[in-house]
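If you want the building blocks of each chain, they are given just below.
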Amino acid sequence: MRALPAVPGVYRFRDERGRALYIGRAVELRRRVASYWGDLRDRQHLRRMVPRVARVEAVACDSHHEAAWLERNLLEHSCPPWNRAVGVESTVYIRLGRALEVRHDPAGPGRVFGPYLGGDKVRLAVSGLRRALAVAYAGDGLGGFDRDMARVRGVQPGSRAGLHAQVASVLDRDPAAAQRVRAALTERRDAAAGALAFELAARIQEELAALDWVVAEQKVTTPGGEADIDGWCDGVLVSFQLRQGRVRSWSQRACGEKAATARVESTPADWRTFAARNAALAARMIARAESG
């Protein structure tokens, strides 16, 4: 387990014959995988599986959201016998049109962002964006109360385009734009706590966490996209297949450098860091297992 990094990711258990037993995801791979050899009181159905585990494989992801998507995609493609369910989080989109809203269907006017996993989290993130940027008060035909709120928040007639551009920058994962929204929400959270409005402060803290979920790096599920993704390190080739916008398969095998070169070189540039990192992880885990 010491070869596993303390980062988000997906892990897979195999038996002595190489059959996949279980796929899971983790906020921290090292701690999560080690927990299977500890107290399993909350996962009693897995107690009979653990003695069958002969090999552990893992993918280090750029965020927990990415790990959640990768786990979902892999389980939908091939569900090992010890997994009970594919996943319970709903798939949603954020649509920026006349309003900023969460939708299950990406169709409709306006710009669409996503997909995202977890409807509740995404709704909290949208609530935080509305709170920080006052986008709800930038529309036409506002009533008296909304006009007053727009004045309080400093939103002028004709501000919609600028506010929508700020929202789009956040959802496009622009670091500076996301940090500005975080700073605004943090200021509001701290002000609420200082005024002893602890429920409001807790709500804003939830919005901050949800915003981090939405803007986190995530490329294993995208609107469209086809690619073969390969990384090689120390005799180990790790491969992923991106089909119809989802990474649906993951494999690793022994492979000489010469045979791997063409596959690695054909990997899209924006996937090479991901592929190389996980090839290095696979090689390290195999070396650790072989050394005892």
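Reading the values: the criteria
Residues numbered from 1 in each chain as written. Predicted model: local features only at pLDDT ≥ 70, side-chain atom pairs only at ≥ 80, totals over all residues. Heavy atoms only, no water. Buried < 20%, exposed > 50% of the residue type's maximum accessible area, 1.4 Å probe, protein only. Helix = DSSP H or I, 4+ residues; strand = E, 2+ residues; numbered from the N terminus. Pairing = 2+ DSSP bridges. Salt bridge = Lys/Arg side-chain N within 4 Å of Asp/Glu carboxyl O. Phe/Tyr/Trp six-rings, centres within 6.5 Å; stacked < 30°, edge-to-face > 60°. Polar contact = N/O pair within 3.5 Å; in protein donor to acceptor, adjacent residues only side chain to side chain. Contact = heavy atoms within 4.5 Å. Axes fitted to C-alpha atoms, helices over the stretch in contact; angles between N-to-C directions.

Here strand 3 (residues 55-60) lies mainly inside the structure; five of its six residues are buried. In terms of strand pairing, strand 1 (residues 9-14) meets strand 3 through six bridges, oriented antiparallel. Bridge pairing in strand 3 places Phe13 opposite Val56.

Another point: the pattern of salt bridges. Counted according to the given criterion, the structure contains 22 salt bridges. Notably, a salt bridge pairs Arg95 with Glu101, separated by 2.9 Å at the nearest N-O pair. Arg95 gets classed as buried once you look at its relative accessible area, which sits at 10%. The salt bridge partner of Arg182 is Asp212, with a shortest N-O separation of 2.6 Å. Here Asp212 lies in helix 7 (residues 198-215) and Arg182 lies in helix 6 (residues 175-194), a separation of 30 residues in the sequence.

Attention shifts here to the packing of aromatic side chains. Applying the stated criterion across every chain yields a total of nine aromatic pairs. A ring pair is formed by Tyr11 and Tyr36, whose centres lie 5.6 Å apart and whose planes are at 65°; its orientation type is edge-to-face. Of this pair, Tyr11 sits in strand 1 while Tyr36 is found in the loop between helix 1 (29-34) and strand 3, placing the two residues 25 residues apart along the sequence. Relative to Trp37, the ring of Phe13 has its centre 5.8 Å away and its plane inclined at 85°; by these criteria the two rings are edge-to-face. Remark: Trp37 occurs in the loop between helix 1 and strand 3 and Phe13 occurs in strand 1; sequence separation between them is 24 residues. Here Trp37 falls in the partly exposed class, since its relative accessible area comes to 42%.

Moving on to the side chain of Arg12. One can find Arg12 in strand 1. One polar contact links the side chain of Arg12 to the main-chain carbonyl oxygen of Trp250, over a distance of 3.0 Å. Beyond its immediate chain neighbours, meaning those up to four positions away, Arg12 contacts Ala20, Tyr22, Ile23, Arg55, Val56, Glu57, Trp250 and Ser251.

Another aspect to go through is the sheet that holds strand 6 (residues 111-117). Across the sheet, which stays open at both edges, the three strands sit in the order 5-4-6 with antiparallel pairing between neighbours. With one partner strand each, in any of the chains shown, strand 5 (100-103) and strand 6 form the two edges of the open sheet. Strand-to-strand twist in this sheet, taken as the mean axis angle between neighbours without regard to direction, amounts to 25°. Along the sheet, helix 2 (residues 64-77) makes contact with strand 4 (91-96) and strand 6, crossing strand 6 at roughly 75°. Packing against the sheet, helix 3 (residues 119-133) makes contact with strand 4, strand 5 and strand 6, and its axis sits at approximately 175° to strand 5.

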